[in-house]
There are 4 protein chains.
Amino acid sequence: MLIVMHHHATAEQIDQVIDAVAAMGLKAEPIPGSLRTAIGVLGNQGYVDDSSIRTLPGVRETIHVSKPYKMVSRDFHPEPTIVDVSGVRFGDGLNPVVIAGPCSIETEEQMMIAAEQVKAAGAQMLRGGAFKPRTGPHSFQGLGVEGLKFLQQAGKASGLPVVTEVMRIEQLDVICEHADMLQVGARNMQNFDLLKEVGKTRHPVLLKRGMSATIEEFLAAAEYIVAEGNSQVVLCERGIRTFEKTTRNTLDLSVVPLISEMSHLPIIVDPSHATGKRSLVTAMSKAALVVGAHGLMIEVHPDPAKALCDGAQSLTGDGFAELMVDLNGLLGYLGYSV
Amino acid sequence: MLIVMHHHATAEQIDQVIDAVAAMGLKAEPIPGSLRTAIGVLGNQGYVDDSSIRTLPGVRETIHVSKPYKMVSRDFHPEPTIVDVSGVRFGDGLNPVVIAGPCSIETEEQMMIAAEQVKAAGAQMLRGGAFKPRTGPHSFQGLGVEGLKFLQQAGKASGLPVVTEVMRIEQLDVICEHADMLQVGARNMQNFDLLKEVGKTRHPVLLKRGMSATIEEFLAAAEYIVAEGNSQVVLCERGIRTFEKTTRNTLDLSVVPLISEMSHLPIIVDPSHATGKRSLVTAMSKAALVVGAHGLMIEVHPDPAKALCDGAQSLTGDGFAELMVDLNGLLGYLGYSV
Amino acid sequence: MLIVMHHHATAEQIDQVIDAVAAMGLKAEPIPGSLRTAIGVLGNQGYVDDSSIRTLPGVRETIHVSKPYKMVSRDFHPEPTIVDVSGVRFGDGLNPVVIAGPCSIETEEQMMIAAEQVKAAGAQMLRGGAFKPRTGPHSFQGLGVEGLKFLQQAGKASGLPVVTEVMRIEQLDVICEHADMLQVGARNMQNFDLLKEVGKTRHPVLLKRGMSATIEEFLAAAEYIVAEGNSQVVLCERGIRTFEKTTRNTLDLSVVPLISEMSHLPIIVDPSHATGKRSLVTAMSKAALVVGAHGLMIEVHPDPAKALCDGAQSLTGDGFAELMVDLNGLLGYLGYSV
Amino acid sequence: MLIVMHHHATAEQIDQVIDAVAAMGLKAEPIPGSLRTAIGVLGNQGYVDDSSIRTLPGVRETIHVSKPYKMVSRDFHPEPTIVDVSGVRFGDGLNPVVIAGPCSIETEEQMMIAAEQVKAAGAQMLRGGAFKPRTGPHSFQGLGVEGLKFLQQAGKASGLPVVTEVMRIEQLDVICEHADMLQVGARNMQNFDLLKEVGKTRHPVLLKRGMSATIEEFLAAAEYIVAEGNSQVVLCERGIRTFEKTTRNTLDLSVVPLISEMSHLPIIVDPSHATGKRSLVTAMSKAALVVGAHGLMIEVHPDPAKALCDGAQSLTGDGFAELMVDLNGLLGYLGYSV
């Protein structure tokens, strides 16, 4: 941490800061500059809480150098993490994984058809939501445990591992029983109790970025899971909230190469939720692969016009098959073995 | 809902939309304009899911008229809601309520001193966090149930009702036992399962605005609680996330008169978390009262320099006493009986 | 500036950074920590361009300590600046100044009535736009020089100094001739050539914050004007752009006490543009005074329903008179001599 | 436009709105729904100013259907515009154009080397700034007219058309004389007077998106230029301002396919300014081509470590040559004739 003093800070004020740092068991190193003095803080093994320093007289600001995460950082753990979901593997050097399926699980038949369609087109995993986070309480909230059964059954029939969202801790057991991977949604990215409990399972996790989460907060959320002993975490960029309202969110693709520099965890992209528009899904999927995403998560519905949730961003089975042809061509070009 | 067609949409495309609306059990009313046709959708009793319409050929966009909340809206329920927390009352026409206390409960002694200080200065409620949402897992996470006991004890000793944050559903019973009011924090504003369970209790609720929540989402979150039968909800503005980083968040004070137009629920302001800077708390507290807030939530710590959490935004006991003198003067000027 | 090295940076990489700093004529001071080395940069007299450092091998990030402004900072110039506009004075300790009038100058009669109304109600300055920045080219663009004449005439008749927006450098002469104060609008806050030319005049300036300008950029824009020799700058907060769309912008009131800590320039608030809603103007005006604004800028139109621009946020003459009664009561309470 | 009434609006209030619409020369069509009445406004030939309607009693909100642009919209002008810059052509179906060169023009030699490097690597146009918009007045402001001469000379020597930024109207003549294309920077996207004057020239224009401009505002800014008779406008996405600070801006790539749906103007991408990080430029450049950008604008400097501006995001000549090999491979894959 660096403590920046005001231009006119007195020697007494500087001494007071040095004493306060010492009281925290750390070492203060004053750096007198031509305009002002700064004070380096040494000896910390991680993030320093600066609350008690920031408001001392003469202090202009404190600047953090350590980050609130360490286990997920590339700096301390250079080797890439490979996440294995019932044989499907995410990570550096591996073929990107395509997860596809409907936003909500609606009926047994819908799931069986969807699974068949996405499998035939080449998807490696099946998605479907049984517990749905909806903005208002009067919208369809998901089928619950019955939906989980349809999902599991469709996964088995098609041979695809399945992922589904967990919204509360009590659901963990039943979801772990029916699904191969746990999804933590954007709205729960800072539901820290859920993160801790997910970290205590040994199920692979798909952690979506919160809609206004900084990269630092996103990695700190992953750190919550890893700190409990579960290192099998795949990150997912799904668009962030900005002033722009023509798209549902703003897909932040630069986060993919950037997080790959900063962390050893795999990162995938969800272009369906990010854009909210079917017509943009193909373009943004290809772009995600080109910037190095380790996978994609794409909404596919046998009949989007009748979907109970997010039909406007869902591809049809045929649309998805066309997309996969495009993506496979691109993967071949990018040097993957398709 | 209004469906806006493209300038060059054909008569067939318009008919197809009309049919799709009819298939939803609603009535379509075409409004042919000079540049394009729009189609009004009639007969809905609430928010309409437009997924199946938005992507029909010839449709440019759909525009929602109904909102995803109704029970909390002033439009359908003009009378103000009064929320009663063990005798302390929030709402239109009542004296604003000041809630004060430390961010985290740290020790029994700290809570007893804090309670005494805020009571002496005139606060009507005591706050303190036993379960803490912290960005990173390596920060202090709160004392848990032991902390709840210190809080309850300090509340009893001072005669102040107490409020504390609930982070997971399993904590609800123990918190209801020890606290007079449940707080749902900003990070959990869209933790819909938690909202539903909170709605099933009959405890008053303090619902904080999510850090990037729109007003519509904020009210829809409150609707989740009210829809379960718990109408005792106080809203709390605590700053939103913007590009500006000099303050912790950007306090959106215009939301206070605006929500009072749109909803019958009381709304209070937390200037401590909104600004993150002790030196701004007094000014923003007074501004909140002037714009009509039904209360304030202010962080006070007997010794902020030693606080385990958010010391930089906490007032000392003396600082809080000075603030209360200021606020009481202002309340007198504003016509409240102080 | 502080240069933060990667955890695994080598001694050679650290030496290379030290050499690069030396090549800039500055001194490098390594601060070896337990997790990583940081390098303080000493000897600079202002903001350091870090482009050449940031991408050296082993560098994680650079952190600026100096700001891109100095003349406008309180740190280097503690005494408050008083800005005098033909006898009306803005600044610390003085009565807040109310500027009022229509968004656009439309007719001679409209300006004469508006001036009379705002003068009678107690405003100290008159506003009106002759050159209008409109989002689209098909909206009313202002009366131009003819409008300036109506404004000047109305100012003289009422005895109120006048302020109007300058949109291009060539307009400076004619505006200086007709108006007492130059306004630089939000959209031109980083039109640096305009700022420089405005700085070469000796006319007082009202500088509005850009719609997504940070405080640092806002003060740096003021520095452009002051650096040319014109210290008569009043800052104006007019709302920033966020994800919230219910209000036109989000009024950032905490910027008022914060800028008063950081800079010696006066700062006023424009609640009309910030909210875009007439019903919020009174509440936000009072809040602005309470947080210490040195003035207000309020839109008033004799007949808002017929206004060519921004009628929805304009007060009527009567509405403004009521507001001024409210504000004068509040100013009296706040200890100003009204 | 659609006018949405409150649930409890009276028949008199509805009639008053109908009369107000009629007074604007338009037709009002009431649409009585089950929860509230909406009123369609018919007969307008473009964007309607709703100021006088929005605040009538009983009105909840007004919803715009027409946009503040028409000439640049695909809806009214389906054929793509081809922009020709001294023989280099941008637009649908054509090879993407790569513009490269330094941020600032610094010396004659620097420009000659840069031009040679980018030409050799395959760029089709040369960029360089003679007039620089810098956040603070104490940074390097550009060489001015002398710089223009170096740029023109380097362009001639290499056979590349050149583009440079115009910051004030008086510079238009001299820039038109020395450069093939005018750039309007992000900070001037809503400098409407500059847009109009640029529209009066017959020089091709590169219009950068403002840092917090919506797509609607971006297209409306282009409409200002086209409305003056200059249809040769290329749009440029260069990142938008969000809460995320790890990158300089957030590159919004979904805007490329979206604007191609909404407008017939070409759109290119500037990954250098968008990310501010050299290590992200290659990935984001490829992604831009994959989503259909009509070109790229890339910063290249012979010696980035000594650049006077933005060195951290500039590629070296060698780095650019490598990038071009990558891009040409990708273009071949995408079906362009390389």
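Because the structure is predicted, anything quoted here is derived from the model rather than measured.

Engineer: How should I be thinking about the overall build of chain A in this particular structure?
Structural biologist: Scanning chain A for helices and strands turns up 11 helices and 14 strands. The burial tally for chain A puts 60% of its 338 residues in the buried class. Taking the intrachain contacts of chain A between residues at least 6 apart in sequence as the baseline, contacts between residues at least 24 apart amount to 65%.

Engineer: Help me out: how do you make sense of the pairing of strand β2 (residues 27–32) of chain A in this one?
Structural biologist: Both faces of the sheet carry side chains from a regular strand, because those side chains alternate between them. All names here are of chain A. Two strands pair when backbone bridges link them, and β2 and strand β3 (residues 37–42) are joined in this way by 6 bridges, in the antiparallel orientation. Note on β3: the bridge partner recorded for Ile31 is Ala38. The antiparallel hairpin formed by β2 and β3 contains 4 residues in its connecting segment.

Engineer: Explanation requested: the relation of the copies chain D and chain B in the structure shown.
Structural biologist: Mapping one chain copy onto the other needs a rotation about an axis and a shift along that axis. With an axial shift of 0.0 Å and an RMSD of 0.0 Å, the rotation relating chain D to chain B amounts to 180°. Seen this way, the second copy is the image of the first under a two-fold rotation axis. Across chain D, the smallest distance between a C-alpha and the rotation axis is recorded for Phe243 of chain D, namely 2.2 Å. Looking at the interface residues of chain D, 100% of them are also at the interface in chain B, so both copies use one shared face.

Engineer: What is the right way to look at the sheet that holds strand β3 (residues 37–42) of chain C in this model?
Structural biologist: Two orientations exist for strands paired in a sheet by backbone hydrogen bonds: parallel and antiparallel. Residues and elements named next belong to chain C. With antiparallel pairing, the 4 strands of this open sheet are ordered in space as β2-β3-β1-β4. Strands at the two margins of the open sheet, each flanked by one partner only, are β2 (27–32) and β4 (59–63). Within this sheet the neighbouring strands show an average axis-to-axis angle of 20°, counted without direction. Where helix α1 (residues 11–23) meets the sheet, its contacts fall on β1 (2–5), β2, β3 and β4, and the angle it forms with β2 comes to roughly 150°.

Engineer: Would you mind showing me how to read the relation of the copies chain D and chain C here?
Structural biologist: Once chain D has been moved 0.0 Å along the axis and rotated by 180°, it coincides with chain C to within an RMSD of 0.0 Å. Of the residues that chain D buries at the interface, 100% are likewise interface residues in chain C, meaning the two copies contact each other through the same surface.

Engineer: Please clarify how the domain arrangement of chain A should be interpreted in this entry.
Structural biologist: Size of an interface: often given as the accessible area lost when the parts come together. Segmentation of chain A into domains returns domain 1 (2–63) and domain 2 (83–333). For domain 1 of chain A and domain 2 of chain A, the distance between their C-alpha centroids amounts to 44 Å.

Engineer: What exactly am I supposed to notice about the interface of chain D and chain C here?
Structural biologist: Listed per partner, the contact involves 40 residues of chain D and 42 residues of chain C. Mapped onto the side of chain D that touches chain C, the elements with two or more residues apiece are α2 (51–54), α6 (192–200) and α7 (215–227) of chain D. Grouping the constituent residues of the side of chain D that touches chain C by class yields 15 nonpolar, 13 polar and 12 charged.

Engineer: I keep staring at the interface of chain D and chain B and nothing clicks. Help me out?
Structural biologist: Tallying the contact residues gives 25 residues for chain D and 25 residues for chain B. Listing elements by their share of the side of chain D that touches chain B, those giving two or more residues are β1 (2–5), β2 (27–32) and β3 (37–42) of chain D. Of all the elements, β3 of chain D adds the most residues to the side of chain D that touches chain B, at 3 residues. Within the side of chain D that touches chain B, the residues separate by chemical class into 10 nonpolar, 11 polar and 4 charged.

Engineer: Explanation requested: the sheet that holds strand β1 (residues 2–5) of chain A in the structure shown.
Structural biologist: Residues and elements named next belong to chain A. Reading across the sheet, the 4 strands line up as β2-β3-β1-β4 and stay open at both edges, with antiparallel pairing between neighbours. Since the sheet does not close on itself, it has two edges, and those belong to β2 and β4 (59–63), each with one partner. Going across the sheet, the axis of each strand differs from the next one's by a mean of 20°, ignoring polarity.

Engineer: Mind showing me how you'd approach the confidence of the model for chain A here?
Structural biologist: The predicted coordinates ought not to be read in detail in places where the model reports low pLDDT. Summing up the model confidence of chain A, the mean pLDDT is 92 and the portion of residues at 70 or higher is 100%. Note on the complex model: pTM 0.92, ipTM 0.92.

Engineer: In this structure, what is going on with helix α7 (residues 215–227) of chain C? I would like to understand it.
Structural biologist: In an α-helix, one full turn covers 3.6 residues, which means residues spaced three or four apart are oriented alike. Residues and elements named next belong to chain C. Helix length check: α7 (13 residues) gives 18 Å between terminal C-alpha atoms against 18 Å at 1.5 Å per residue, within 8%. Most of α7 sits out of view: 10 of its 13 residues are buried. Taken together, the buried positions of α7 are Ile215, Phe218, Leu219, Ala220, Ala221, Ala222, Glu223, Tyr224, Ile225 and Val226. At its buried positions, α7 is contacted by α6 (192–200), β11 (205–208), β12 (233–237) and α8 (255–262).

Engineer: Please clarify how α8 of chain C should be interpreted in this entry.
Structural biologist: In terms of residue burial, α8 of chain C counts as a mostly covered element, since 7 of its 8 residues are buried. Restricting attention to buried positions, one finds in α8 of chain C the residues Val255, Val256, Pro257, Leu258, Ile259, Ser260 and Met262 of chain C. Elements that come into contact with the buried residues of α8 of chain C comprise α10 (278–290) of chain B together with α7, β12, β13 (267–269) and α10 (278–290) of chain C.

Engineer: Just to check I follow, could you spell out the packing of helix α3 (residues 108–121) of chain C against helix α4 (residues 145–158) of chain C for this structure?
Structural biologist: To describe two helices that pack against each other, one gives the angle between their axes and the distance between the axes. Residues and elements named next belong to chain C. Axis separation between α3 and α4 bottoms out at 9 Å; the angle between their running directions is 35°. Note that α3 runs across α4; the crossing there is right-handed. On α4, the residues that touch Glu108, Met111, Met112, Ala114, Ala115, Glu116 and Lys119 of α3 are Phe150, Leu151, Ala154, Gly155, Ala157 and Ser158. Among the residues making up the contact of α3 with α4, the classes are represented as 8 nonpolar, 2 polar and 3 charged.

Engineer: Explanation requested: the packing of helix α6 (residues 192–200) of chain B against helix α7 (residues 215–227) of chain B in the structure shown.
Structural biologist: Residue and element names in this part refer to chain B. Contact pair α6 / α7: the axes reach a minimum separation of 7 Å and the direction vectors enclose 40°. If you check the angle between α6 and α7, you find them oblique. The interaxial crossing formed by α6 with α7 has right-handed handedness. Contact residues: α6 offers Phe192, Leu195, Lys196, Val198 and Gly199, while α7 offers Ala221, Tyr224, Ile225, Val226 and Ala227. In terms of residue class, the contact of α6 with α7 is made up of 8 nonpolar, 1 polar and 1 charged.

Engineer: Where do I start with unusual backbone geometry in this structure?
Structural biologist: With the exception of glycine, most residues fall at negative phi, and the peptide bonds are largely trans. All names here are of chain A. Of note, the phi angle at Ser86 is positive, near 50°, even though the residue is not glycine. Along the chain, Ser86 turns up in the loop between β5 (83–85) and β6 (88–90). Taking the number of C-beta atoms within 10 Å as the measure of exposure, Ser86 has 15 and is therefore partly exposed.

Engineer: How should I be thinking about the environment of Val174 of chain B in this particular structure?
Structural biologist: Residue and element names in this part refer to chain B. Among the structural elements, Val174 can be located in helix α5 (residues 172–178). In sequence terms Val174 and Glu261 are 87 residues apart; their C-alpha atoms lie 36 Å from each other. Setting aside residues up to four positions removed in sequence, Val174 forms contacts with Val145 and Leu148.

Engineer: Before we go on, may I ask you to explain the environment of Leu94 of chain B in this structure?
Structural biologist: Relative to the assigned elements, Leu94 of chain B resides in the loop between β6 (88–90) and β7 (97–101). Once the C-alpha coordinates of Leu94 of chain B and His294 of chain B are considered, the two residues, 200 residues apart in sequence, prove to be 7.5 Å apart.

Engineer: Can you walk me through the environment of Glu177 of chain D in this structure?
Structural biologist: Following the sequence through the fold, Glu177 of chain D ends up in helix α5 (residues 172–178). Each C-alpha atom of the pair Glu177 of chain D and Leu148 of chain D lies 9.3 Å from the other, and the pair is 29 residues apart in sequence.

Procedures and definitions
- Residues numbered from 1 in each chain as written.
- Chains lettered and ligands numbered in written order.
- Predicted model: local features only at pLDDT ≥ 70, side-chain atom pairs only at ≥ 80, totals over all residues.
- Helix = DSSP H or I, 4+ residues; strand = E, 2+ residues; numbered from the N terminus.
- Buried ≥ 20, exposed ≤ 12 C-beta atoms within 10 Å, placed from the backbone.
- Contact = placed C-beta atoms within 7 Å.
- Pairing = 2+ DSSP bridges.
- Least-squares fit on C-alpha atoms with pLDDT ≥ 70 in both.
- Axes fitted to C-alpha atoms, helices over the stretch in contact; angles between N-to-C directions.
- Domains from an automatic or database assignment.
- Nonpolar A, V, L, I, M, F, W, Y, C, P; charged D, E, K, R; others polar.
- pLDDT = per-residue confidence, 0-100.
- Expected span 1.5 Å × (residues − 1).
- Left-handed = near helix turned anticlockwise from the far one by under 90°.
- Parallel < 35°, antiparallel > 145°, perpendicular 65-115°, else oblique.

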